[in-house]
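The chain contents come next:
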Amino acid sequence: MGGFFQVAWAVAGRQIYKYFTNPAFLAPALFPLFFFVAFAGGLTRVGDVPGFDYAAGYIAFQYVWALLQAVSMGGAFTGFSIAGDFENGFARRLMLAASNRYGIILGYTIASLVRATMTGALVTVIALVTGIPISGGFDLFGLIGLAVLVNIAATLFGAGVAMLLRTQQAGPLIRTPIFLVLFLAPVFVPLNLLTGWIETVARLNPFTPILTAARGFLAGDPTDVATAFAISAALVVALALWAVYGLRRAEKAG
Amino acid sequence: MGRDRGIEVENLVREFRKGPRAVDGIDLRVQPGEVYGFLGPNGAGKSTTVLMLTTLLPPTSGTARVAGYDIVSEGPQVRASIGAALQEAALDPFLTGREHLNLQAALHGLSRKERKRRGDELLERVGLEDAADRRVRGYSGGMKRRLDLALALVHAPRILFLDEPTTGLDPQSRSALWSEVSRLAREDGVTVFLTTQYLEEADVLADRVGIIDRGKIVAEDTPEALKEEIGRPSVEATPAEGVGRDAVVRVLGQFGEEIPAQPGAVAVRLSGGAAGLADVVRALDREGVRVANLRLDEPSLDDVFLEKTGRSLEGAGEHEEGEDMETAQA
Amino acid sequence: MSGSSFLTQVWALARRSIVRTMRQPAVIVSALLFPMMFFSINASGLDAASRIPGFPTDSYLDFAFAFPLVQASLFGAITAGSDLARDIESGFFDRLSLTPMRPVALLGGMLAGVVALGLLQGVVFLAVGLLMGVNVSSGIPGMFVLVVLTVLVALGFGGIGAILAIRTGSVEAVESAFPLFFVSIFLSSINLPRNLIEADWFRFVATINPISYLVEGIRSLVITGWDAQALFLGFGCAIAIMVLAIGGAAASLRTRVA
């Protein structure tokens with residue numbers, strides 16, 4: 001097992017070094033920030049709809065979604081760089097050198113977490129500047145915990161797709177499903193105010209309970225916490241298997 | 001054809017915002033019906049010169065007349081008289097060869113009937129009849145260059161500019177394009193201005209060659225005269241087994257100065273020309289020096305380039321910046 | 001050899017630009033699919049917004065229908081702009097410049113392609129929207145006006161795409177302008193009417209953003225019927241953007257081609 005962690009640290013170290021030498025390392029925060037500004041700024045009156053009962057207010061309601069989007073995009077971007085590493089041949093060298101190849105996945109995941117911490121912090125700073133109230137106190141750790149799990153899940157998903165395709169063309173195939181999962185959830189109003197097909201889809205979307213619980217933590221009113229953590233953990237396990245499948249396919253392709 | 005006056009260039013200069021003068025005061029004349037080869041390494045200023053002569057890039061100073069028209073003040077007349085196949089084979093991957101020709105012909109004002117006739121004729125001429133209705137995306141490099149040439153010929157120009165027409169092509173496609181270009185010059189009397197980084201291309205096609213290096217023309221004449229100017233051929237001998245290299249040097253040294261040779265071999269530049277080879281053979285025989293191999297090398301345009309610039313043409317451009325298209329558009 | 005007539009040139013170039021677009025099914029599909037997907041998700045997700053006191057209609061679907069039309073024009077503009085930039089990058093533009101083509105004909109051909117794609121999108125979106133239950137208050141004549149206004153918007157954005165392409169000559173530069181356009185759509189009255197935007201700075205931005213008036217013009221035909229003021233502002237803005245953008249593009253072209 002020594003090889004496993006050694007490989008992981010080596011891969012993570014290189015990735016993290018790459019972020020901080022490249023000014024584009026905050027790029028995954030761009031769209032979440034933009035949506036946050038557009039929705040939290042333009043749609044505040046939606047909080048006045050009868051039945052909209054979220055204690056922390058509409059800006060906070062949108063902040064949680066933006067935060068989870070930022071950490072997911074952090075994972076997606078890690079997927080892009082894995083795809084890039086395969087295309088430019090770096091990954092081949094990595095595969096040859098690594099004594100334990102599963103360490104490669106862990107390494108990328110660690111790097112992705114570091115990156116997501118930065119992007120998440122950026123979104124949070126902007127949100128604090130625009131004045132979200134923090135009423136959660138100790139519950140905020142619950143919010144952070146969910147954000148970490150969401151980032152890991154998105155990273156593993158992206159890693160699996162990237163290793164299956166091994167070209168930059170993997171980009172849209174990583175991004176589009178993540179965007180769909182994020183948007184087919186109660187983005188603008190709580191689940192109880194959704195109607196029609198979107199309600200059905202949102203109820204089935206595993207991201208919905210995570211989002212709801214995360215919003216609860218911020219408002220100091222944790223709801224369905226066990227369900228949310230159980231679903232996140234299950235997603236991480238399932239997507240870890242998916243990433244390992246991708247790695248095996250990449251090994252076979254040589 | 002009264003105005004067919006070839007190409008006259010006087011002290012043409014092009015500077016880009018950063019970097020040295022890409023074209024640094026060149027003068028040249030191309031007679032009507034002549035094939036002029038403009039030879040130089042990458043970044044020497046060849047493409048910049050062509051862009052100026054085809055009115056696509058204004059010169060910084062100097063003048064040039066193409067087909068008797070000034071390239072600055074009479075752009076439309078120049079453009080009507082010339083055809084040009086410019087470097088990247090600029091084609092639309094989603095259109096077919098025939099559609100390209102049709103578009104080009106329409107812009108030149110050919111009637112619908114003429115367009116069809118001219119298109120068929122040119123497709124046949126460059127051997128693309130079978131591929132005419134396929135999208136260019138699937139064409140090989142050679143096919144793209146041939147289509148490029150056909151497009152340049154749509155309006156039957158008297159003067160043709162070809163900017164590195166065979167760069168990146170395999171030998172077969174290259175020689176096919178060469179024969180088409182010589183046919184245009186010999187049979188149709190088209191004036192051809194051709195840039196190339198290949199010695200062989202200039203040697204085969206051009207009536208006259210101008211050698212350009214770092215924006216300046218360093219030599220200009222017929223390929224034969226240029227080679228004669230350096231003049232003398234060289235002879236290279238490899239000693240047979242058991243024969244000392246010194247013995248060979250001693251014999252060959254009587255016929256000219258020693259020049260660099262293959263490992264183990266000896267080469268001299270013959271002071272008496274190619275006829276001296278017989279004397280060399282006789283002398284080796286007389287002195288009993290046996291050789292495994294004896295070779296006569298005619299001087300090449302590379303030797304000319306070496307003589308004029310102190311560098312070999314192959315690889316001379318490698319450490320210089322490419323022809324700065326980006327800066328040209330900045 | 002006499003130069004061809006201006007119209008022949010425009011037609012030849014327009015045909016090329018339409019043919020090449022039609023041969024890229026991926027472009028067509030994404031131009032039709034993405035705006036409708038976004039519309040469908042957005043309209044259902046924000047359906048509850050129609051219950052905000054003072055909301056001008058009880059169907060958010062009707063309210064949001066302007067969104068895919070404006071977004072589609074934007075897509076079309078970016079596609080056309082990057083096509084033009086690619087022509088410049090590849091040297092295709094140089095090849096055309098060596099013919100007696102009038103530079104403005106090139107712009108005309110490109111914009112004809114924009115109009116064709118805009119028409120296709122307008123008609124398809126209208127058909128799909130009606131199937132989804134959008135109710136156009138101004139009736140069939142209103143649908144006609146709606147498509148016309150959409151095409152004018154597409155022409156204006158197309159002109160901006162052309163300016164970017166001609167000035168930079170770089171596909172990457174044109175495509176990196178896309179998020180900017182996208183942001184400016186959201187910073188308008190696209191999601192809520194201006195009087196229901198609470199944040200002062202946002203309402204201010206939406207009020208000075210001409211896209212708000214394009215959106216409100218299109219929207220008035222759907223939710224109100226014939227609203228002279230909204231239509232006047234909508235057409236006024238669309239025509240002003242179009243004239244400025246296409247004029248600017250033509251001027252940029254003239255400086256590029258000596």
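Residues numbered from 1 in each chain as written. Chains lettered and ligands numbered in written order. Predicted model: local features only at pLDDT ≥ 70, side-chain atom pairs only at ≥ 80, totals over all residues.

**Student:** What should I look at first to understand the pairing of strand β1 (residues 7-15) of chain B in this one?
**Tutor:** Residue and element names in this part refer to chain B. Both β1 and strand β4 (residues 61-66) contribute to a ladder of five bridges, which runs antiparallel. Bridge pairing links E8 to R65 in β4. For β1 and strand β2 (residues 21-30), the ladder comprises seven bridges, and the chain directions are antiparallel. Each residue of the ladder has a partner; that of E8, found in β2, is R29. Between β1 and β2, which pair antiparallel and follow one another directly, the connecting turn spans five residues, one of which, G19, has a positive phi of 90 degrees. (Pairing = 2+ DSSP bridges. Helix = DSSP H or I, 4+ residues; strand = E, 2+ residues; numbered from the N terminus.)

**Student:** Honestly, the arrangement of the chains in this entry has me stumped. Any pointers?
**Tutor:** No other pair of the two pairs of chains in contact has as many contacts as chains B and C. Structurally, chain A and chain B remain out of contact, their C-alpha atoms never closer than 19 Å. (Contact = placed C-beta atoms within 7 Å.)

**Student:** I would appreciate a short explanation of the environment of A:W9 in the present structure.
**Tutor:** Residues and elements named next belong to chain A. As for its placement among the helices and strands, W9 is situated in helix α1 (residues 2-20). With 14 C-beta atoms counted inside 10 Å, the residue W9 sits in the partly exposed group. In this structure the C-alpha to C-alpha distance between W9 and Y108, which are 99 residues apart in sequence, comes to 9.1 Å. (Buried ≥ 20, exposed ≤ 12 C-beta atoms within 10 Å, placed from the backbone.)

**Student:** Sorry, what's going on with the interface of chain C and chain B here?
**Tutor:** Quoted interface sizes are often the accessible area lost when the parts come together. The interface is formed by 25 residues belonging to chain C together with 25 residues belonging to chain B. Breaking the side of chain C that touches chain B down by element, the ones donating at least two residues are α1 (6-22) and α5 (92-97) of chain C. When residues of the side of chain C that touches chain B are assigned to their parent elements, the largest contribution, six residues, is made by α1(C). When grouped by side-chain class, the residues that make up the side of chain C that touches chain B number nine nonpolar, eleven polar and five charged. (Nonpolar A, V, L, I, M, F, W, Y, C, P; charged D, E, K, R; others polar.)

**Student:** Looking at this structure, I do not really get helix α6 (residues 140-165) of chain A. What am I missing?
**Tutor:** Along an α-helix, residues three or four apart share an orientation, since each turn contains 3.6 residues. Residues and elements named next belong to chain A. Between its terminal C-alpha atoms α6 stretches 38 Å, which fits the 38 Å expected from 26 residues at 1.5 Å a residue. Of all 26 residues making up α6, 19 are buried, and the element is well covered by its neighbours. Positioned one or two residues after α6, R166 has a phi angle of 55 degrees, which is positive. (Expected span 1.5 Å × (residues − 1).)

**Student:** What is the right way to read the interface of chain A and chain C from this model?
**Tutor:** On the chain C side, the residues contacting the 21 residues of chain A number 20 residues. When contributions to the side of chain A that touches chain C are tallied by element, the ones reaching two or more residues are α2 (30-42) and α8 (197-204) of chain A. Considering each element in turn, the side of chain A that touches chain C owes the most residues, four residues, to α2(A). When the residues that make up the side of chain A that touches chain C are grouped by side-chain class, the tally is 14 nonpolar, five polar and two charged.

**Student:** It is not clear to me how the domain arrangement of chain B should be interpreted in this structure. Could you clarify?
**Tutor:** You can read the domains of chain B as domain 1 (7-91 + 139-227 + 314-329) and domain 2 (232-298). One C-alpha centre belongs to domain 1 of chain B, the other to domain 2 of chain B, and the line joining them spans 40 Å. (Domains from an automatic or database assignment.)

**Student:** So what exactly am I meant to see when it comes to the nonpolar core here?
**Tutor:** Among soluble globular proteins, nonpolar side chains are generally buried collectively. Ranked by internal contacts, the top residues of the largest apolar core, which has 243 residues, are A:Y63, A:V64, A:A162, A:A214, B:V66, B:V192 and C:V70. Beyond its immediate stretch of four places on either side in the chain, A:A162 contacts A:G79, A:I82, A:A83, A:F86, A:A170 and A:I174. B:V235, B:V248, B:L270 and B:V291 belong to the second largest nonpolar core, which has eleven residues in total. (Core = buried A, V, L, I, M, F, W, Y, C linked by C-beta atoms within 7 Å.)

**Student:** What am I meant to see in the sheet that holds strand β12 (residues 256-259) of chain B here?
**Tutor:** Strands belonging to one sheet form pairs held by backbone hydrogen bonds; the direction of such a pair is parallel or antiparallel. Residue and element names in this part refer to chain B. A sheet is described by the order of its strands in space; here four strands give the open sequence β12-β13-β11-β14, paired in antiparallel fashion. Of all the strands in the sheet, just β12 and β14 (291-297) have a single pairing partner and so form its edges. In this sheet, neighbouring strand axes are inclined to one another by 25 degrees on average, regardless of whether the strands run parallel or antiparallel. (Axes fitted to C-alpha atoms, helices over the stretch in contact; angles between N-to-C directions.)

**Student:** Got a minute to help me understand the sheet that holds β4(B) in this structure?
**Tutor:** Read from one edge to the other, the open sheet built from four strands follows the order β2-β1-β4-β5 (chain B), with strand pairing classed as antiparallel. Both outer strands of the open sheet, β2 and β5 (69-70) of chain B, are each paired with one neighbouring strand and no more.

**Student:** Teacher, can you tell me more about the confidence of the model for chain B here?
**Tutor:** Interpretation of this model should avoid reading the predicted coordinates in detail wherever pLDDT is low. Within chain B, residue pLDDT values average 84, and 92% of them lie at 70 or more. Across the interface, the model reports ipTM at 0.85; the global pTM reads 0.79. (pLDDT = per-residue confidence, 0-100.)

**Student:** Whenever I open this one, helix α4 (residues 66-90) of chain C confuses me. Can you help?
**Tutor:** If you check α4(C), its first and last C-alpha atoms are 36 Å apart, about what 25 residues at 1.5 Å a residue would give, namely 36 Å. Where α4(C) terminates, the next one or two residues include C:G91, which has phi positive at roughly 95 degrees.

**Student:** I tried to follow the environment of C:F67 on my own but got confused; where do I start?
**Tutor:** Within the secondary structure layout, C:F67 lies in helix α4. The spacing of C:F67 and C:N191 is 124 residues in sequence and 8.3 Å in space, taken between C-alpha atoms.

**Student:** Could you clarify how one ought to interpret unusual backbone geometry in this entry?
**Tutor:** Note on backbone geometry: most residues besides glycine have negative phi, and most peptide bonds are trans. One non-glycine residue, A:R166, lies in positive phi territory at about 55 degrees. Its location among the elements puts A:R166 in the loop between α6 and α7 (170-183). One non-glycine residue, B:A67, lies in the positive phi region at around 55 degrees. Along the polypeptide, B:A67 turns up in the loop between β4 and β5. A count of 22 C-beta atoms within 10 Å places B:A67 in the buried class.

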